[in-house]
Amino acid sequence: MRINKRAVALAFGAALLSSLGNASERLVTLGGDVTEIVFALGAGDRVVAVDSSSVYPPKVRQLPQLGYLRALSAEGVLSASADRIIANADIGPPAVKQQIQAAGQQLELVEATPTPEQLYAKIRRLASLLGTVAAGEDIIATLKADFAALAERRQRLSHRPGVLFVMNHGGGVPMIAGRNTAADSMIQLMGGRNVADAIRAYKPMTAEALVNAAPDWIVVTDQGLEQFGGVDGLLRQPGMALTPAAESRRILSMDALLLLGFGPRTADAATTLFNALHGESENDAQRDY
């Protein structure tokens, strides 16, 4: 078969130009998970602005912030003069998406991903958009190995303690997490049993719900715990003192993005929570083998 050298040269040149173009493009990333993955993929030097939920890696905090993920203004986002905007699909309000696209701005939306399998798909999508496919596969390989090790540890458990996730962001009514939430997925990964799995999504926390759930552990974000006024403030919530978790002060707190973001550090976060939840029981299980 005859090789068309001119065609090969043109294709190589186009690929090279494309690569150079990607390296110099100006990106806006909206959503802490999206921003963290973009930086993990080695494309952080292209990012010129972010939203306020983008807090990792620490260098992100030096970039201009364009507002909160779900309360953006089209004018603010467009003012960054980006070549491309890559955003969590939960950005809002809804009209902002339409206004950005109507202005002719390239907008790539990435779905929220509360399971490991969906996380792999999200990383592959972003790696494809950024031209960093190999880096994406490296991250996925590490995550898969870490999740597999965690699954093996879960299989050795003889008991899964009841866990309740409580959200308290923005000073509103505290909420508890049911099925189909990132918190529920994390509870499963850490080897717990979501005591609120009779509900879907997030529902207001009531004294009756707390008492009926009878959680062995309460999980909150660092930011939510601060809103409560610390552990003592959390335990003063109506009904909380009557739970087994409160009686033993079994409270676990973690940064919101790390806990709920489902990004490159999620397996590490789940492992940390697993160790906190099962330290003694896991050691017992290991002695049986």
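Here the structure is a predicted model, which means the values were calculated and not measured.

**Q** I tried to follow the overall build of the protein on my own but got confused; where do I start?
**A** On a plain count of helices and strands, the protein comes out with 13 helices and ten strands. A fraction of 59% describes how many contacts in the protein between residues 6 or more apart in sequence connect residues 24 or more apart.

**Q** Can you help me understand the side chain of asparagine 194 in this one?
**A** One can find asparagine 194 in strand S7 (residues 193-194). If near-sequence neighbours (up to four positions away) are discounted, asparagine 194 is found in contact with Val163, Ala177, Gly178, Asp184, Ile187 and Gln188.

**Q** Could you clarify how one ought to interpret the sheet that holds strand S4 (residues 107-110) in this entry?
**A** Two pairing modes exist for strands in a sheet, parallel and antiparallel, and in both the strands are linked by backbone hydrogen bonds. With parallel pairing, the four strands of this open sheet are ordered in space as S2-S1-S3-S4. Each having just a single partner strand, strand S2 (47-50) and S4 make up the two edges of the open sheet. Averaged over all adjacent pairs, the angle separating strand axes in this sheet is 20°, with direction ignored. Against the sheet, helix H2 (residues 32-40) engages strand S1 (27-30), S2, strand S3 (84-88) and S4, with an angle of about 135° to S1.

**Q** Explain unusual backbone geometry here, please?
**A** Backbone geometry follows two general trends: most residues other than glycine have a negative phi, and most peptide bonds adopt the trans configuration. For the bond running from tyrosine 56 to proline 57, omega is 0°, close enough to zero to count as cis. For the peptide bond that leads from glycine 92 to proline 93, omega is 0°, which places it in the cis range. Of note, proline 93 is situated in the loop between S3 and helix H4 (94-102). Its identity is not glycine, yet serine 81 carries a phi of approximately 50°, on the positive side. Position of serine 81 among the secondary structure elements: in the loop between helix H3 (74-78) and S3.

**Q** Just checking my understanding: could you explain the pairing of S1 for this structure?
**A** For a regular strand, the rule is simple: side chains alternate between the two faces of the sheet. The two faces of S1 match: Leu27 and Thr29 on one face and Val28 and Leu30 on the other face are all buried. Two elements, S1 and S2, share three bridges in a ladder whose sense is parallel. Across the sheet, the residue bridging to leucine 27 is valine 47, located in S2. As paired strands, S1 and S3 are joined by four bridges and run parallel to one another. Its bridge partner being in S3, valine 28 is matched across the sheet by isoleucine 85.

**Q** How should the layout of surface pockets be read in this particular structure?
**A** Empty pockets left among the atoms are what a rolling probe the size of a water molecule brings to light. The calculated volume of the largest pocket comes to roughly 930 Å³. In this structure, the largest pocket is lined by 30 residues; those nearest its centre are Tyr68, Leu69, Arg70, Ala256 and Leu260. Secondary-structure elements contributing two or more residues to the lining of the largest pocket are H2, helix H9 (222-228) and helix H12 (256-260). The greatest single-element share of the lining of the largest pocket, amounting to three residues, is contributed by H12. Classifying every residue of the lining of the largest pocket by side-chain character gives 13 nonpolar, 13 polar and four charged.

**Q** Which parts of the structure should I look at to understand the packing of aromatic side chains?
**A** The relative placement of two aromatic rings is captured by the distance of their centres and the angle of their planes. Here the structure, examined in full by the defined rule, presents two aromatic pairs. Note on phenylalanine 165 and tyrosine 202: the rings are 6.5 Å apart at their centroids and 70° apart in plane angle, and the pair reads as edge-to-face. One end of the pair, phenylalanine 165, is in strand S5 (residues 162-167); the other, tyrosine 202, is in strand S8 (residues 202-204), with 37 residues separating them in the sequence. With relative accessibility at 26%, the residue tyrosine 202 sits in the partly exposed group. Over the aromatic face of tyrosine 120 sits the side chain of lysine 144, whose NZ or CZ is 5.3 Å from the ring centroid.

**Q** Even after reading the chapter, I still don't get the side chain of lysine 122, so can you show me in this structure?
**A** Among the secondary structure elements, lysine 122 is positioned in helix H5 (residues 116-130). On the basis of relative accessible area, lysine 122 is assigned to the buried category, the value being 3%. For lysine 122, the contacting residues outside a window of four places in its chain are Asp33, Ile37, Val110, Glu111, Thr113, Gly261 and Phe262.

**Q** So what exactly am I meant to see when it comes to the confidence of the model for the protein here?
**A** Low-confidence regions, as indicated by low pLDDT, have predicted coordinates that should not be scrutinised in detail. Looking at the protein as a whole, the pLDDT averages 90, with 89% of positions reaching at least 70. Low pLDDT (under 50) marks residues 1-21, which in the prediction has one contact with non-local residues, meaning those over four places away or in another chain. Under a pLDDT of 50 for its full length, residues 281-289 has, in the predicted model, nine contacts with residues more than four places off or in other chains.

The rules behind each value
Residues take numbers from 1 onward in each chain, read along the sequence in its written order. It should be noted that, the model being predicted, local features are given only for residues of pLDDT at least 70 and side-chain atom pairs only at 80 or more, the latter also being counted only at that level, while totals for whole chains, interfaces and linings use all residues. Based on all heavy atoms of the structure, the side-chain values leave hydrogens and waters out of the count. Starting at the N terminus, helices and strands are each numbered in turn, a helix being any DSSP run of H or I of at least four residues and a strand any DSSP run of E of at least two. Contact between two residues is taken to exist if any of their heavy atoms lie within 4.5 Å; hydrogens are not considered. Paired strands, as defined in this entry, are two strands with at least two bridges between them according to DSSP. Orientation is described by lines fitted to C-alpha atoms, with helices fitted over the stretch in contact, and by angles between N-to-C directions that extend from 0 to 180 degrees. Accessible area is worked out with a 1.4 Å probe on protein chains only. A residue is then buried under 20% of its type maximum, exposed over 50%, and partly exposed in between. Of the grid points, spaced at 1 Å and generated over the protein atoms alone, those admitting a 1.4 Å probe that cannot get out make up cavities, while open sets with protein on both sides within 12 Å along at least five of seven lines make up pockets; any residue with an atom within 4 Å of a point is treated as lining. Grid points are joined across faces, edges and corners, and a volume is the space filled by probe spheres set on the points. Each residue receives one of three labels: charged for Asp, Glu, Lys and Arg, nonpolar for Ala, Val, Leu, Ile, Met, Phe, Trp, Tyr, Cys and Pro, and polar for the others, Gly being one of them. Here is the rule: rings of Phe, Tyr and Trp (six-membered ring for Trp) pair when centre to centre is within 6.5 Å. Planes less than 30 degrees apart are stacked, more than 60 are edge-to-face, and the remainder are tilted. Placement of a positive charge over a ring is assigned whenever Lys NZ or Arg CZ falls within 6 Å of the ring centre and within 35 degrees of the normal to the ring plane. What pLDDT reports is the predictor's confidence in each residue, on a scale of 0 through 100.

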